Structure formats: structure tokens, C-alpha cells
Amino acid sequence: MGRLLKIRNPRTGVNDYEIEAQDAADVATTAARLRANQRQWRDGGLAYRAEILRRWADAADARGDAIAEALILDTGRATLSRSEAHGVGAKIRRWCNDAPALMETRESTSKIAPAVAFRQQLVPYDLVGVISPWNFPLSLALIDALPALVAGCAVMIKPSEVTPRFMAPLAESIAAVPELAGVLALIPGDGATGAAVISEADMVCFTGSVPTGRKVAEAAAKRFIPAFLELGGKDPAIVLSGADLERAADAILRQGLVNSGQVCLSLERVYAQADIFEAFVDILIEKARAITPNLESLEAGHLGPIISAPQADIIEAQLRDAYAKGAIARLGGEIIRKGGNWLGPTILTNVDHGMEIMREETFGPVIPVMPFKDEDEAVVLANDTVFGLSAAVFAKDTAAALAVASRIDAGGVSVNDAGLQSMTTEAEKNSFKYSGLGGSRMGGAGLMRFFRKKALMIQNGAPRTMSAFAERPVQAGGQTHDENL
Ligand code: NAD
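A brief structural summary. All figures in this text were calculated on a predicted structure; none of them were measured in a lab.

**Thoughts on the packing of helix 3 (residues 64–75) against helix 4 (residues 79–86)**
Next, step 1: Put simply, helix 3 and helix 4 touch, their axes get as near as 8 Å, and they point 140° apart. The orientation of helix 3 with respect to helix 4, classified from their angle, is oblique. Read as a crossing pair, helix 3 and helix 4 show a hand that is right-handed. Counted together, Gly64, Asp65, Ile67, Ala68, Leu71, Ile72 and Thr75 of helix 3 and Ser81, Arg82, Glu84, Ala85 and His86 of helix 4 form the full contact between these two elements.
Next, step 2: In terms of residue class, the contact of helix 3 with helix 4 is made up of 5 nonpolar, 4 polar and 3 charged.

Written out as C-alpha cells, the structure reads:
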């Protein structure tokens with residue numbers, strides 16, 4: 001029997017659930033089973049896989065309510081849990097629909113050696129390990145797994161031990177489609193289990209924190225397997241004079257507060273131009289007053305609890321550091337500890353880059369606002385970070401916003417809104433700096449990451465013979481040169 005892990009309920013603070021963590025031997029057994037089934041999954045072809053995956057989409061949709069109920073217990077918030085749970089089928093179908101065009105390859109002729117034709121064969125990695133965090137437990141467990149399965153890989157998913165309840169109803173949906181159950185496994189466990197998954201996989205997709213991401217990258221490097229890392233952020237928003245302040249405030253509040261700020265691309269720093277700074281902060285506070293924690297009931301309020309107990313301590317420590325250095329909480333600012341931990345919308349001013357709250361990932365509903373004098377200063381402040389996930393720019397018109405957006409070192413920059421990459425998943429983007437490593441998870445590249453490209457080359461002319469390489473005297477006019485060598 002594996003190690004029993006006690007699981008805390010984020011609304012009550014009580015450990016009311018447990019899972020049995022798989023150890024290295026369990027993971028190795030599962031990996032061997034998946035590998036044995038992967039050849040048929042791969043060689044059956046895309047149409048075969050899509051037919052099976054569409055059956056899974058139906059099975060997951062049919063269990064949407066059960067998955068949502070488990071996710072609500074995992075996270076303490078209801079609306080987002082329902083949207084995560086009921087979105088699974090649509091995501092599976094979207095990848096199945098998009099894949100044929102993305103995977104199309106055709107024969108080409110070499111321009112350098114016109115007698116040679118070639119075609120690219122797409123060979124999926126055999127076994128992909130997916131390791132995911134607790135902030136969107138279901139969506140982030142599946143975001144890499146779905147395209148990997150479409151590509152023809154077998155997949156092991158190791159979700160976060162903080163939010164594992166959703167695994168049981170999701171596993172039922174997988175078991176309802178036996179061909180899929182042969183190549184997809186959910187692996188319960190903690191960091192040690194995650195490390196075992198990396199030891200067995202041919203490729204790893206990791207979503208989580210920078211410190212764990214570093215361990216994952218090191219473990220993958222030792223095994224010479226690719227690691228795709230999607231890590232933390234400290235996303236800035238810039239509000240320039242002339243911007244529609246109501247619109248900017250609505251977008252910034254949504255992107256700073258949704259899921260109680262427990263979003264990798266949460267807006268965690270706001271820079272407002274000096275001449276509109278006070279007016280903007282007033283609008284932000286006024287609007288934020290209407291946003292409340294769901295502390296009393298799952299049927300009212302907007303902000304769920306801080307899901308992980310240690311995260312509440314990190315947020316509190318950052319707030320204490322900020323207050324000690326002169327920050328002022330214009331709204332909210334104190335964690336409410338009632339079994340679970342809640343924080344109402346927190347707007348801070350008098351902040352600067354000497355404070356942890358402006359430098360470290362907060363992962364809470366905290367919006368610090370700082371003034372700047374001109375565009376150059378705004379760009380310097382926005383780029384003064386080790387992270388580079390995403391950003392937002394608000395200006396009087398698109399051209400003015402784009403001029404600033406193009407100077408920000410981040411993978412996705414929204415103009416006159418925020419967090420647009422979670423809505424426009426077609427746009428490809430890389431994570432800059434410590435926010436990640438590897439090809440784009442978004443757009444068509446999100447599928448193509450799971451293939452190795454193989455070149456099949458056909459000689460339609462006569463093969464060259466060794467006579468081309470015979471030693472010979474230097475001819476008048478210089479050395480001979482063969483660009484095909
Ligand atoms: P975490 O790094 O603590 O854990 C993530 C996962 O890694 C968990 O499943 C955990 O069990 C596993 N793990 C821990 N140690 C491991 C090891 N040595 N080897 C293999 N796996 C190991 O992250 P978290 O606290 O669950 O999630 C929050 C973090 O995730 C934040 O930093 C957030 O910004 C980031 N995140 C990033 C994105 C993105 O797309 N960039 C999305 C969501 C969350």
C-alpha cells in the first residue's frame with residue numbers, strides 16, 4: 001500500500017480526504033502498461049484516435065456534474081469549477097477537429113539537390129509525463145495531455161496533491177472508454193511521485209512554480225528528455241493617460257482577482273501614468289468594493305478561498321513586508337482566517353520595487369498600483385522582473401498601446417484588455433525569462449511539440465559514387481567546392 005496523504009478542505013481547513021500516493025514501483029508498472037498499448041494508439045492513425053477521444057468527450061460531459069462537485073471541494077469555488085468541468089468535452093473535440101490540418105505533411109523536392117524528394121514523418125514521443133498544479137486542477141491537468149493524446153503519445157498525468165478529488169470522477173470517464181484507458185493514466189501522489197513520473201517518461205510537461213520547475217528541468221536534463229515548463233509570473237498592467245479608465249479598471253480587476261488571484265497570468269502589478277493615477281485608483285477601489293469573498297456560501301460572492309494553506313502564509317508575509325516599507329492598503333489587505341483563508345480585493349498604493357509584493361509572485365487577489373511619469377519609465381518598470389509570462393497595456397488607441405506592448409518582455413501582451421491568451425488560445429507564445437521554457441503551448445505548436453520530425457528522403461536520380469571524392473591536383477582557378485558535402 002502506498003503512502004497515505006491527508007488532503008485539506010480549503011473552505012474548512014479540515015483534512016477530510018486522503019489519497020494513496022503511488023511510489024516509483026507503481027509508476028514504473030503503469031508506465032510499462034501504457035508503453036505496451038501506445039504502439040497501437042500511434043499506428044491506428046489520427047482518425048482512429050479522434051473517434052476514441054470523441055467518445056471520451058461524451059463520457060466526460062456526461063459526468064460533468066460529478067467532476068464539478070469534486071472540483072468545488074478541491075478549490076472552494078463553484079462557478080469556475082463548473083466551467084472547468086463542463087469545458088472538457090469541447091476542448092477534446094477542438095483538438096480532434098484542428099489536428100488533421102496541423103498534421104498534414106506533403107512530399108517536397110529539394111532545391112539544393114533537385115533529384116531528391118523528401119517527406120516529413122511525425123513521430124510522437126511514446127510516453128509523456130504531465131505534472132500539474134492546484135490553481136486550475138482539471139484544466140491544467142488536461143491542457144498538455146489532450147494534444148499529446150491526439151498526437152499519438154501515451155500519457156501519465158500527476159495532478160497536484162493539494163486538489164486531487166476531481167481525479168476519481170475523471171478516472172470514471174476514462175474507464176468508460178477502454179481503448180483510452182490503455183494509454184492514459186491518472187497518477188495520484190506528491191512531489192516524489194512527480195519525480196518518479198519524470199524517471200519513466202520520454203518527455204515531460206510541467207506547470208507549477210519556478211523552484212519545482214528547476215528541479216524538473218534538472219531531472220529531465222539528466223535523462224536527456226525534453227521538458228516543457230510553464231511557470232510563475234508577476235504580470236504587469238500599464239495604464240497610459242488617455243486610456244478609458246473605466247474599461248481598464250474592469251479588465252484589471254477581472255484579471256487581478258479571478259480565482260482569487262490564483263492564476264499564473266494574474267495581473268500582479270499595475271502602473272498608472274501620474275496625471276491619471278489618483279482618478280484611476282478611485283475608480284478601481286469603487287468597482288472593487290462590489291467584489292466579495294464567497295466566505296459565507298458557495299452561492300454568493302466572487303472570490304473563493306486561498307486554496308493552499310502555505311500560499312496564504314506567503315501572501316500574508318508579502319503584505320507585512322509591504323506595510324513595513326510604507327505601502328497603504330486602500331481596500332482589503334488582511335487575510336480572513338475562518339478555517340479556510342480568504343482575502344477580499346486588496347488595492348495597495350505607496351508601493352515600490354523594494355517590496356516583495358512588487359517582485360515575488362503573490363498568487364492572491366492583491367493589486368498594487370504605482371505611478372509612472374512617461375512611457376519609457378513604464379516600460380522599464382514593467383520589465384524590471386525575473387518573470388515574463390504576460391502583460392496588459394491600456395492607452396487612448398490601439399496604436400499607442402501597441403507601441404508600448406511591443407517593448408514588454410513577456411510572451412503574451414493584451415491590448416486594451418487583459419489575459420486575452422486564455423480566450424484566444426490560437427495565438428502562439430513562449431514564456432520569457434523564468435516564466436517557462438520550451439515551445440508554445442498555445443496554437444498549433446501546442447500539438448506539434450509532441451512530435452519528433454523524421455525526414456524520409458528519396459533519391460530519384462543516380463546515387464553519387466566515390467569518384468566524386470577522389471583526390472586530385474588543384475586545378476587552375478582554385479580549390480573545388482561541393483556545397484552538398
Ligand atoms: P508546485 O511547483 O508546488 O507543484 C506543481 C506540481 O509539481 C505538483 O503536482 C507537485 O506535486 C509536483 N512536484 C513537486 N515537487 C516535484 C518534483 N521534485 N518533481 C516532480 N514534480 C514535483 O506548484 P503549485 O504550488 O502546485 O502551483 C502554483 C504555481 O504554478 C505558481 O507558481 C503558478 O504561477 C504556476 N502556474 C503556472 C501556469 C502557467 O501556465 N505558466 C499555470 C498555472 C500555475
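**Topic: the pattern of salt bridges**
Next, step 1: Tallying each qualifying case throughout the model produces 32 salt bridges.
Next, step 2: Note that Arg449 and Asp144 form a salt bridge whose closest N and O atoms lie 3.0 Å from each other. Here Arg449, found in the loop between helix 17 (445–448) and strand 22 (451–459), pairs with Asp144, found in the loop between helix 6 (137–142) and helix 7 (145–151); they are 305 residues apart in sequence, far enough to count as distant.
Next, step 3: Exposure remark for Arg449: the relative accessible area of 7% places this residue in the buried category.
Next, step 4: Here Asp250 and Lys287 are joined by a salt bridge, their closest N and O atoms 3.2 Å apart.

**What to know about helix 5 (residues 88–102)**
Next, step 1: Between the first and last C-alpha of helix 5 there are 21 Å, a value that for 15 residues agrees with the 21 Å anticipated at 1.5 Å per step.
Next, step 2: Val88, Gly89, Ile92, Trp95, Cys96 and Ala99 are the residues of helix 5 that are buried. Viewed end-on, helix 5 has its buried residues packed into an arc of 130°, placing them on one side of the element. Projecting away from the buried face of helix 5 at angles above 90 degrees are the exposed residues Asn97 and Ala101.
Next, step 3: Elements in contact with the buried residues of helix 5: helix 2 (46–62), helix 4, helix 6, helix 7 and helix 17.

**Here we look at the sheet that holds strand 4 (residues 116–124)**
Next, step 1: What the 3 strands build is an open sheet, ordered 3-4-22; its pairing is antiparallel. Because the sheet does not close on itself, it has two edges, and the strands there are strand 3 (108–109) and strand 22.
Next, step 2: The sheet contact formed by strand 4 and strand 22 spans 9 bridges and is antiparallel. Looking across to strand 22, one finds that Phe118 is bridged to Met457.

**So, unusual backbone geometry**
Next, step 1: If you check the backbone angles, Phe224 has positive phi at about 60° while not being a glycine.
Next, step 2: Among the secondary structure elements, Phe224 is positioned in the loop between helix 11 (210–223) and strand 9 (227–230).
Next, step 3: The backbone of Asn259 shows a phi angle near 55°, a positive value even though the residue is not glycine.
Next, step 4: In this fold, Asn259 is placed in the loop between helix 12 (245–257) and strand 11 (267–273).
Next, step 5: What makes Asn259 buried here is its relative accessible area of 3%.

**Quick notes on the site of the ligand**
Next, step 1: Near the ligand lie 30 residues; those nearest to it are Lys158, Glu161, Ser209, Leu231 and Glu361.
Next, step 2: Contact between the ligand and Ser132: an oxygen atom at 2.8 Å from a main-chain N or O atom of the residue.
Next, step 3: Residue Glu161 places a side-chain N or O atom 2.7 Å away from an oxygen atom belonging to the ligand.
Next, step 4: In the complex, 88% of the free accessible area of the ligand, which totals 860 Å², lies under the protein chains.
Next, step 5: Mapped by element, the contributors of at least two residues to the shell around the ligand are helix 10 (191–200), strand 8 (203–207) and helix 11.
Next, step 6: In the shell around the ligand, the residues fall into 13 nonpolar, 10 polar and 7 charged.
Next, step 7: Here the shell around the ligand spans two domains, since at least three of its residues come from each of domain 1 (3–231 + 439–454) and domain 2 (235–425).

Reading the values: the criteria
- Residues numbered from 1 in each chain as written.
- Predicted model: local features only at pLDDT ≥ 70, side-chain atom pairs only at ≥ 80, totals over all residues.
- Heavy atoms only, no water.
- Axes fitted to C-alpha atoms, helices over the stretch in contact; angles between N-to-C directions.
- Helix = DSSP H or I, 4+ residues; strand = E, 2+ residues; numbered from the N terminus.
- Parallel < 35°, antiparallel > 145°, perpendicular 65-115°, else oblique.
- Left-handed = near helix turned anticlockwise from the far one by under 90°.
- Contact = heavy atoms within 4.5 Å.
- Nonpolar A, V, L, I, M, F, W, Y, C, P; charged D, E, K, R; others polar.
- Salt bridge = Lys/Arg side-chain N within 4 Å of Asp/Glu carboxyl O.
- Buried < 20%, exposed > 50% of the residue type's maximum accessible area, 1.4 Å probe, protein only.
- Expected span 1.5 Å × (residues − 1).
- Arc of directions from axis to C-beta.
- Pairing = 2+ DSSP bridges.
- Near = heavy atom within 4 Å.
- Polar contact = N/O pair within 3.5 Å; in protein donor to acceptor, adjacent residues only side chain to side chain.
- Areas by Shrake-Rupley, 256 points an atom, 1.4 Å probe, with all protein chains shown as cover.
- Domains from an automatic or database assignment.

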